[in-house]
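Fold and geometry: a report
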Amino acid sequence: MTVDRAYKYRFYPTPEQEVLLARTFGCVRYVWNAVLRYRTDAFYQRQETVSYNDASAFLTRMKKAPETAFLSEVSSVPLQQCLRHQQAAFKNFFSGKARYPRFKSKHHRQSATFASSAFKYRDGRIFLAKCKEPLAIRWSRELPATPSTVVVSKDVAGRYFISCLCQEEAKPLAVVPKMIGIDLGLKDLFVTSDGHRIGNPRHTAKYAARLARAQRRLSKKAPGSANRAKARRKVARLHAKISDCRKDNLHKLSRQIVNENQVICVESLSVKNMVKNRSLARSISDAGWGEFVRQLTYKSLWAGRQLVQIDRWYPSSKRCSDCGHVMDNMPLHIRAWCCPECSSHHDRDINAAVNIKAAGLAVLALGENVSGTGHAPASDSR
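Because the structure is predicted, anything quoted here is derived from the model rather than measured.

Attention now goes to the overall build of the protein. Each helix and strand counted, the protein has eleven helices and 13 strands in total. In terms of overall dimensions, the protein has a C-alpha envelope of 80 × 50 × 50 Å along the principal axes. The contacts of the protein with a sequence gap of at least 6 include a subset with a gap of at least 24, amounting to 70%. Summed over all atoms, the accessible surface of the protein reaches about 21,500 Å², with 51% contributed by carbon and sulfur.

So, in structure tokens, the structure goes:
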């Protein structure tokens, strides 16, 4: 099976490359915002729908205008790719998959996409358009093929990254007889159906004191000053550290699960709705459930494994894994319970993982509907 896989590396631009990239990021951001304003005004003022060709013609007019002639100083490919990304964003919006596209800010992550005509990959080095020198990339591993597209980005912490999209042949792993159910949680990041508990590292809590101190110092700096910019970068570096630690841990855990199990059963949680609970929003976001399931999804596909997501309303915590009795109520503070029908003693999380595995195998084998009876509240349905 041929798959598109992106390889991300950090690189260190020269002063000349840094200036060119800053101009490119600024032009891409300007074009995105200008075309988005053009589309929005065309709809609300004239009830007109702007197509990709219309947006491309508007970009051409901007390049010819004296006040926006600076758009011609950078490669035209990232600007054209910006229009394609915006077209895809509107397509996702009209199909109900995403919200309305937003304007881009210079204080957030900056990126520019270079198609194959705007860069050269030669002898393990990448040359961007209008750059005389190759990028100083820290290669952690070799690329399997010549990239078709590269995305150059700069995060809020000031770090530069390049993501290379390559096409390669995915090699399925050897078939193993092991199957597993996973119950996601907060006290433990997840519990498996065979009784293994993976503790929640709580990365945000580890850096909470340093982050609070850096944010207090930031709040005392004068707006627009150089010291405020420095303080903002310190806060951004701490957030980047937390995010990197979380992603590294989730990548290691998801890879281990995919390597060791042929069938993986998880719940299809609606994390976006769950974070509306203000008392649990920070803990849920720090756990990274959505990212964990996303990694399991694509890694399972590449490895030839099967990932089964059961209905979110399935009463995995309230159902006895021995006799099938369903409790009427199961508050979150109850971590162990005894079944009134068969007198079996259950650990809440392990019992839920066992039920998730059984439901997932039923879906895989028979395509059965394993949703719960009625939409119970989120605090009682798991």
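Within this structure, the stated rule accounts for eleven aromatic pairs. Consider the rings of F190 and F292, whose centres lie 5.1 Å apart with planes at 15°: the pair is stacked. Here F190, found in strand β8 (residues 188–192), pairs with F292, found in helix α9 (residues 289–303); they are 102 residues apart in sequence, far enough to count as distant. The exposure class of F190 is buried, given its relative accessible area of 2%. Taken together through their ring pairs, the aromatic side chains of F90, F93, F94 and Y100 make up a single cluster. Over the ring of F161 we find K8; its NZ or CZ atom is 4.8 Å from the centre of that ring. Seen from the ring of W32, K104 lies directly overhead, with NZ or CZ sitting 4.3 Å from the centre.

Take the UniProt feature "domain: Transposase putative helix-turn-helix" (unreviewed entry) in the protein next. With numbering aligned to this structure, UniProt lists the feature "domain: Transposase putative helix-turn-helix" (unreviewed entry) at residues 1–47. The span residues 1–47 shows a helical share of 68% and a strand share of 21%, and its end C-alpha atoms are spaced 45 Å apart.

Attention shifts here to the packing of helix α2 (residues 52–64) against helix α3 (residues 76–94). Interaxial distance between α2 and α3 falls to 10 Å at its minimum, and their mutual angle equals 145°. Where α2 crosses over α3, the handedness of that crossing is right-handed. Residues Y52, A55, S56, L59 and K63 of α2 form the contact with α3, whose participating residues are S76, L79, Q80, L83, R84 and Q87. Taken together, the residues of the contact of α2 with α3 sort by class into five nonpolar, four polar and two charged.

Moving on, we get to α9. Along its 15 residues, α9 runs 21 Å from first to last C-alpha, staying within 8% of the 21 Å computed at 1.5 Å per residue. Within α9, burial applies to W289, F292, V293, Q295, L296, K299, S300, W302 and A303.

This part takes up unusual backbone geometry. Despite not being glycine, R202 has its phi angle at roughly 50°, a positive value. Look at R202 and you get partly exposed, because its relative accessible area is 35%. Of note in the backbone geometry, S343 takes a positive phi value of approximately 65° without being a glycine.

Turning to the side chain of D188, a few remarks are in order. With respect to the helices and strands, the residue D188 is situated in strand β8. Those residues within four positions of D188 in sequence are excluded, and the remaining contacts are R197, I198, G199 and N200.

The next subject is helix α5 (residues 208–219). Compared with the 16 Å implied by 1.5 Å per residue over twelve residues, the 16 Å span of α5 between its first and last C-alpha is a close match. Buried residues of α5: L211, A214 and L218, and no others. In a view along the axis of α5, the buried residues occupy a sector of 65°, so they form one face of it. More than 90 degrees from the buried face of α5, the exposed residues found are A209, R217 and S219. On its buried face, α5 sits against α6 (226–260).

The next point concerns the sheet that holds strand β6 (residues 160–169). Strand pairing within a sheet occurs via backbone hydrogen bonds; the two strands may be parallel or antiparallel. Spatially, β1-β6-β5-β2 is the arrangement adopted by the four strands of the open sheet, whose pairing is antiparallel. Of all the strands in the sheet, just β1 (2–11) and β2 (110–115) have a single pairing partner and so form its edges. Neighbour to neighbour, the strand axes of the sheet diverge by 20° on average, direction disregarded. Of the pairings in the sheet, the one linking β1 to β6 comprises ten bridges and is antiparallel in character. Bridging across to β6, T2 finds its partner in E169. Seen against the sheet, helix α1 (residues 15–46) touches β1, β2, β5 (149–154) and β6 and runs at an angle of roughly 95° to β2.

Criteria and cut-off values
Residues numbered from 1 in each chain as written. Predicted model: local features only at pLDDT ≥ 70, side-chain atom pairs only at ≥ 80, totals over all residues. Heavy atoms only, no water. Helix = DSSP H or I, 4+ residues; strand = E, 2+ residues; numbered from the N terminus. Contact = heavy atoms within 4.5 Å. Areas by Shrake-Rupley, 256 points an atom, 1.4 Å probe, with all protein chains shown as cover. Phe/Tyr/Trp six-rings, centres within 6.5 Å; stacked < 30°, edge-to-face > 60°. Buried < 20%, exposed > 50% of the residue type's maximum accessible area, 1.4 Å probe, protein only. Lys NZ or Arg CZ within 6 Å of the ring centre and 35° of its normal. UniProt positions renumbered as here; feature names shortened; annotations may be inferred. Axes fitted to C-alpha atoms, helices over the stretch in contact; angles between N-to-C directions. Left-handed = near helix turned anticlockwise from the far one by under 90°. Nonpolar A, V, L, I, M, F, W, Y, C, P; charged D, E, K, R; others polar. Expected span 1.5 Å × (residues − 1). Arc of directions from axis to C-beta. Pairing = 2+ DSSP bridges.

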